[in-house]
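# Fold and geometry: a report
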Protein chains: 4
Amino acid sequence: MEKIKVGIIGATGYAGEELVRLLYQHPQAQLVSLASHSYAGQPYSGIYPNYREIQDVLCDPEDIEPLAEKADVIFLALPHGLASSKVTAQILEQCKVIDLGADFRLQDVSVYEKWYKVPHEGKEILPQAVYGLCEWNRDAIRKTSLVANPGCYTTCSILTLSPLVAEGAIQLDSIIIDAKSGVSGAGRSVKLDNHFAEVNESIKAYGVGTHRHTPEIEEQLSYRAGVPVYLTFTPHLVPMQRGILAVCYATLTEKYSWEDLHTIYEEYYGKERFIRLLPQNTYPETRWVKGSNYCDIGWKIDERTNRVIAIGAIDNLVKGAAGQAIQNMNLMFDLPEDMGIGQVPMFP
Amino acid sequence: MEKIKVGIIGATGYAGEELVRLLYQHPQAQLVSLASHSYAGQPYSGIYPNYREIQDVLCDPEDIEPLAEKADVIFLALPHGLASSKVTAQILEQCKVIDLGADFRLQDVSVYEKWYKVPHEGKEILPQAVYGLCEWNRDAIRKTSLVANPGCYTTCSILTLSPLVAEGAIQLDSIIIDAKSGVSGAGRSVKLDNHFAEVNESIKAYGVGTHRHTPEIEEQLSYRAGVPVYLTFTPHLVPMQRGILAVCYATLTEKYSWEDLHTIYEEYYGKERFIRLLPQNTYPETRWVKGSNYCDIGWKIDERTNRVIAIGAIDNLVKGAAGQAIQNMNLMFDLPEDMGIGQVPMFP
Amino acid sequence: MEKIKVGIIGATGYAGEELVRLLYQHPQAQLVSLASHSYAGQPYSGIYPNYREIQDVLCDPEDIEPLAEKADVIFLALPHGLASSKVTAQILEQCKVIDLGADFRLQDVSVYEKWYKVPHEGKEILPQAVYGLCEWNRDAIRKTSLVANPGCYTTCSILTLSPLVAEGAIQLDSIIIDAKSGVSGAGRSVKLDNHFAEVNESIKAYGVGTHRHTPEIEEQLSYRAGVPVYLTFTPHLVPMQRGILAVCYATLTEKYSWEDLHTIYEEYYGKERFIRLLPQNTYPETRWVKGSNYCDIGWKIDERTNRVIAIGAIDNLVKGAAGQAIQNMNLMFDLPEDMGIGQVPMFP
Amino acid sequence: MEKIKVGIIGATGYAGEELVRLLYQHPQAQLVSLASHSYAGQPYSGIYPNYREIQDVLCDPEDIEPLAEKADVIFLALPHGLASSKVTAQILEQCKVIDLGADFRLQDVSVYEKWYKVPHEGKEILPQAVYGLCEWNRDAIRKTSLVANPGCYTTCSILTLSPLVAEGAIQLDSIIIDAKSGVSGAGRSVKLDNHFAEVNESIKAYGVGTHRHTPEIEEQLSYRAGVPVYLTFTPHLVPMQRGILAVCYATLTEKYSWEDLHTIYEEYYGKERFIRLLPQNTYPETRWVKGSNYCDIGWKIDERTNRVIAIGAIDNLVKGAAGQAIQNMNLMFDLPEDMGIGQVPMFP
């Protein structure tokens, strides 16, 4: 079989770099272009010296048209607002597109424009976009040319909560998500907030009540519920490289035992390659999924308050970004879903 | 004025060591005994080499009787179940006692025995114990001989939530506390869970639905509310040395603005030396209180869900343990409340 | 081709666990036994939950005889002194052995016994052992049944210094190695020295003048030099998971330019798959080799003192342990040398 | 006694901020101006929120003239090249100056200009400058108006090596210093090199053979030796907030025992308040000096190579910057040398 020709626009951010790493080792992918706004013309291994003697190619400028002519699929790993101005109906006729940014994740344009505070530049093609959460939208992903790859916090939160919402096990107005992320989630941008001595030895909440992953989680959970869902989402910055832990609180709609919820989770995820349901009294820790495409999920019934505490853990750069994007690519090209992303988590 | 003679039982744990550090520099305290179960007979500076040439004294065994004869106040920093068997009515006639452990924190013995799964050994003197949260129990602390110094998570959580509970601003059955702690909170005990390579580069929840600080927070908030309070509390381990961040979620009883809550907080804490109320859209970070006795508090109204997210931050070893214990000592001996604990937070 | 049947004795230490990770993904290896002294009878994924649904097999006891009957190769990852009592001439007739411990690394038994302070239990088979530094002993490794896999510090130090020693570019009595390691190098043993709060936010030298990797480096460099070499070696503990940086100082025997030394390095390593020579004024950093089998090498001529500062970096668990062990296995079984260990370094 | 009026120019870098912290708590100092190039006009506690309710004063612009009129002493914590253009003979007639930068540390202007690659702007007043290494230049410091506060690496290196050099115990051409620093030593400047995800989980050497602290160490050791000293100095970046470990290698001029060197060290440092000589087989670790003005020193005789490995540890922001600067101030104002800087090291 001929290899899939792959281009990456935004290849020098952390998500882009993780794409390069995984695709380089993917048996059916061939990297044809690493494009970068800031580093065009420079060797990739000069920007990321882990690629010395592996990927010494020069970075291309971020021009999507010429790339669409030679690539079978383009991954976009760009700040919000850029993908929607680059991707056009014509591009989508030439090649498939997997966007790791936010532009095509929200189907409701008004919600996008309210939370992102910019006009949406790609309204015409937005309806073609499929939300690339493979475990829930597998069939649609297989058929589309445009995948909106979910955000990192959102992947972890939605995977953890969806079965409970779909089965009506939790009260929809009671959902609170307290999520924690490693620093790579903040990207490679150079600012005081990312300085080692400012981040290390501290923890903080940020974007309290205003983080843009909130409407994304809400929209997806609304599909599960059939009615609009509004929830509270609080992200935190943790002094570590990788990993997201989403701790989700909700009031149960009736009495449920741990086993009851296990039955629900098992029904949805029992056969999922990348979701691991943990035994009772065991909870996810980010170290056990690092470097892998797994999402670990565990839960506890707090009988005293009739709440469930459901916890999910992923590697933000893999299942929360590049790994899931490749999972989407595999689906779009009829490859085994886990091809190239079956790595065992790396510990320690 | 003659200095206060101070003994510490359990001086070689992290809380004990922080007591030594702060009391050594306290203008009115004189350390007369550093007692340790594991290290009796060894020089203190051999166990903690930061004390070389500062505290080379040998550790005493943990015998409370002889210590009670020579000390004006004894600090106990012991695993739960030990303090209640050591402190007796007779000891309390000889000297004051400040217990940093859990044994005298819960006035309801049945709750203690349920959560700690051991019989309470000090039932007779328990009623004398005053919960040493200075900002709320100042007068009682001044008059007692036995202070139960609050736990680290509990100090941060109770300080953050108390004004809202006391003023009826939040629904009592809606409280969820998602708290995060540095590793010193786990103590100096040697076990795989504390191994650097197991803790570093990961975050996890633990004691989910079962952590023993839960009933302590509930009991204190019940005093504020006048009725029993039950809540959900989830602690987390964060790869850093010090610091606790308590993120508290609750549904508001009616519409409140940020300013409304500021008025409430200001009423209770406006004149407190060790509580800092942050400006709007600013939230506590543990780095800004490290090494100090401050508790920083900030909050956000999530209008979409009518919840408040109230966040507190402390240094678990200072305001969450040794610093607050000395604040209690200062009150018990009619000293300025901030004597010896007014350090500026150390950053970075 | 039938897969190689592989057994691991000592599978639950960090090096053993890394072997499991890499071998599980090796296209020609089949794990037939994971043996553990402490955890025999327990599921592997209970000890290392990153292996949930991947390696749920129960651990075997550490009996080498039955394993030798069913395995083609046995990896030993044990504390020193154990391998030499397990491996016998008979075992070596049944299967190949790759020992990640120290017992077969030093050909001079008296040196072993002096530095390790125990009698050597395997003197008879010691002469069969080949020091498994692939880049230098490739042919002998291909032919032997017993490989002594080099230590982590030693791999990095010897690879960095060998060309300079072999070419007579440095004075043999002037060599000083100042090496730094991540904490996984200390193993998973539970002791105060490995406690997060003791290791984090600090750096220390240890084993100063007495570390057991010293004679191993000396013996190997002596082979390069043709005469005995004695040097100073100082290891350090750095608060990070993985990685070794070996900074080697030596006086040059005559005037050399950077390019001169590049010519020397290029001669020895120019075609090596796993050694990367860095450009001038660029130096290795452990982050660029993490999770990979690469050894990066860079150097500087300090003209003012006529010294060279030659620096090497590896991942201690990969090139410094499990990766190199598999590189040896590949050689012993006539497989492509990089099979299963060609991972791109994972960053961040 | 009236308090000393203190101004700080460059108060918003890490060294400046540590000055504020220590001086705020100094019993004889009164801060009269916090000057900052970048943040003039902004409240200090907005830039460093640990100072909320402690130092809410607005930052001044960095004008030295008006400050010299109201201050008794000015601390300068500026990038190199700035102090020498600000400090004039006239300023020095008005007030004392303690410069934490490099401009007045090297008495040989040509060496300064060679290593710093800028012309020296303060040649006229340079001869007045006293190198503020209190343990060696105490008397001169007492009499001068201009102190050049030593660099962080240099303080640690010079203190560790000076007695051995002064006593002729080591060969002058054999000195190699391998030093390691926490990230605060890199300052608060915003650049990719300081990004958490780039620094964390890695170690690197930098400025190999070219670091500007090299000539500073050489000049001071030359004073000890009476002849010029040239040495090799390699700094490293370690993923931690604070701390410097200087590991110094040198060949002994004859046979020395550990005790012999102890006698030498004791002679020079036996009565020094801030230098702690460690017992045999014990070596400095940065955690034991964190937050304090101590320099811990230990050493090992490597008999096999007749070298000494002498190791020093300091907190780079205290003894390596702000603490030592205040020690200098105390000397200049005839205060007890340890006033305000006698803090017990903070651990963990």
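These numbers were taken from a predicted model, which means no experiment stands behind them.

## Notes on the overall build of chain A
Across its full length, chain A holds twelve helices and 13 strands. In terms of C-alpha radius of gyration, chain A reaches 20 Å, essentially the compact-globule figure of 20 Å for 348 residues. Principal-axis analysis of the C-alpha atoms gives chain A an extent of 60 × 45 × 40 Å. Here chain A, with 348 residues, has 62% of them falling under the buried criterion. Taking as baseline every contact in chain A between residues at least 6 positions apart, the subset at least 24 positions apart corresponds to 70%.

## Quick word on the sheet that holds strand 7 (residues 176–181) of chain B
If you trace the seven strands from one edge of the open sheet to the other, you get 8-9-7-10-13-12-11 (chain B), paired in mixed fashion. Among the strands making up the open sheet, the edge pair consists of strand 8 (204–205) and strand 11 (275–277) of chain B.

## Let's talk about the sheet that holds strand 7 (residues 176–181) of chain C
Residue and element names in this part refer to chain C. Strand order across the open sheet formed by seven strands is 8-9-7-10-13-12-11, with mixed pairing between neighbours. Across the chains shown, the open sheet's two edge strands, defined by having one partner strand only, are strand 8 (204–205) and strand 11 (275–277). The sheet contact formed by strand 10 (residues 244–251) and strand 13 (residues 307–314) spans eight bridges and is antiparallel. Bridge pairing links tyrosine 249 to isoleucine 309 in strand 13. The sheet contacts of helix 11 (residues 258–269) involve strand 11, strand 12 (295–302) and strand 13, and relative to strand 11 the element is tilted by about 160°.

## As for the interface of chain A and chain D
Taken together, the contact pairs 14 residues of chain A with 14 residues of chain D. Of the residues contributing to the side of chain A that touches chain D, the split by class is six nonpolar, five polar and three charged.

## Remarks on the relation of the copies chain A and chain D
Turning chain A through 180° and shifting it by 0.0 Å along the axis lays it on chain D, with an RMSD of 0.0 Å. Taken together, the rotation and translation describe the operation of a two-fold axis. Proximity to the rotation axis, assessed at the C-alpha, singles out phenylalanine 196 of chain A in chain A; its C-alpha lies 1.9 Å from the axis. Comparing contact sets, 100% of the residues at the interface of chain A also lie at the interface in chain D, consistent with an isologous, same-surface contact.

## Quick notes on the confidence of the model for chain A
Close reading of the predicted structure is inappropriate where its pLDDT is low. Summing up the model confidence of chain A, the mean pLDDT is 97 and the portion of residues at 70 or higher is 100%. Here the predicted complex scores 0.98 on pTM and 0.97 on ipTM.

## Details of the interface of chain B and chain A
On the side of chain A, 35 residues touch chain B, which itself brings 35 residues to the contact. Elements with a minimum of two residues in the side of chain B that touches chain A: strand 7, strand 8, strand 9 (232–237), strand 10 (244–251), strand 12 (295–302) and strand 13 (307–314) of chain B.

## Quick look at unusual backbone geometry
Residues and elements named next belong to chain A. Omega for the bond connecting phenylalanine 347 with proline 348 falls within 30 degrees of zero, at -5°, which places this linkage in the cis form. Considering the arrangement of structural elements, one finds proline 348 in the segment after helix 12 (318–332). The phi angle at glutamate 53 is positive, at roughly 65°, despite the residue not being glycine. Relative to the elements of secondary structure, glutamate 53 occurs in the loop between helix 2 (44–47) and helix 3 (64–70).

## Details of the pairing of strand 10 of chain B
Residue and element names in this part refer to chain B. Where burial is concerned, most of strand 10 is hidden: seven out of the eight residues are buried. Taken together, the six bridges between strand 7 and strand 10 define a ladder with antiparallel strand orientation. Looking at the pairing, isoleucine 176 lines up with tyrosine 249 of strand 10.

## What to know about helix 1 (residues 14–24) of chain B
Residue and element names in this part refer to chain B. Most of helix 1 is tucked away, with ten of its eleven residues classed as buried. By the burial criterion, the buried members of helix 1 are Tyr14, Ala15, Gly16, Glu17, Glu18, Leu19, Val20, Arg21, Leu22 and Leu23. In this fold, the buried residues of helix 1 make contact with strand 1 (4–9), strand 2 (29–35), strand 3 (73–76) and helix 12 (318–332).

## Here we look at the packing of helix 1 of chain B against helix 12 of chain B
Residues and elements named next belong to chain B. The contact between helix 1 and helix 12 brings their axes to 9 Å, and the two run at 45°. Between helix 1 and helix 12, the interaxial angle falls into the category oblique. Read as a crossing pair, helix 1 and helix 12 show a hand that is right-handed. Side by side, helix 1 and helix 12 meet where Ala15, Glu18, Leu19, Leu22 and Leu23 of the first sit next to Val318, Ala321, Ala322, Gly323, Ala325 and Ile326 of the second. Residues of the contact of helix 1 with helix 12, tallied by class, amount to nine nonpolar, one polar and one charged.

Each value, and the rule that gives it
Residues numbered from 1 in each chain as written. Chains lettered and ligands numbered in written order. Predicted model: local features only at pLDDT ≥ 70, side-chain atom pairs only at ≥ 80, totals over all residues. Helix = DSSP H or I, 4+ residues; strand = E, 2+ residues; numbered from the N terminus. Rg over C-alpha atoms; globule rule 2.2 N^0.38 Å. Buried ≥ 20, exposed ≤ 12 C-beta atoms within 10 Å, placed from the backbone. Contact = placed C-beta atoms within 7 Å. Pairing = 2+ DSSP bridges. Axes fitted to C-alpha atoms, helices over the stretch in contact; angles between N-to-C directions. Nonpolar A, V, L, I, M, F, W, Y, C, P; charged D, E, K, R; others polar. Least-squares fit on C-alpha atoms with pLDDT ≥ 70 in both. pLDDT = per-residue confidence, 0-100. Parallel < 35°, antiparallel > 145°, perpendicular 65-115°, else oblique. Left-handed = near helix turned anticlockwise from the far one by under 90°.

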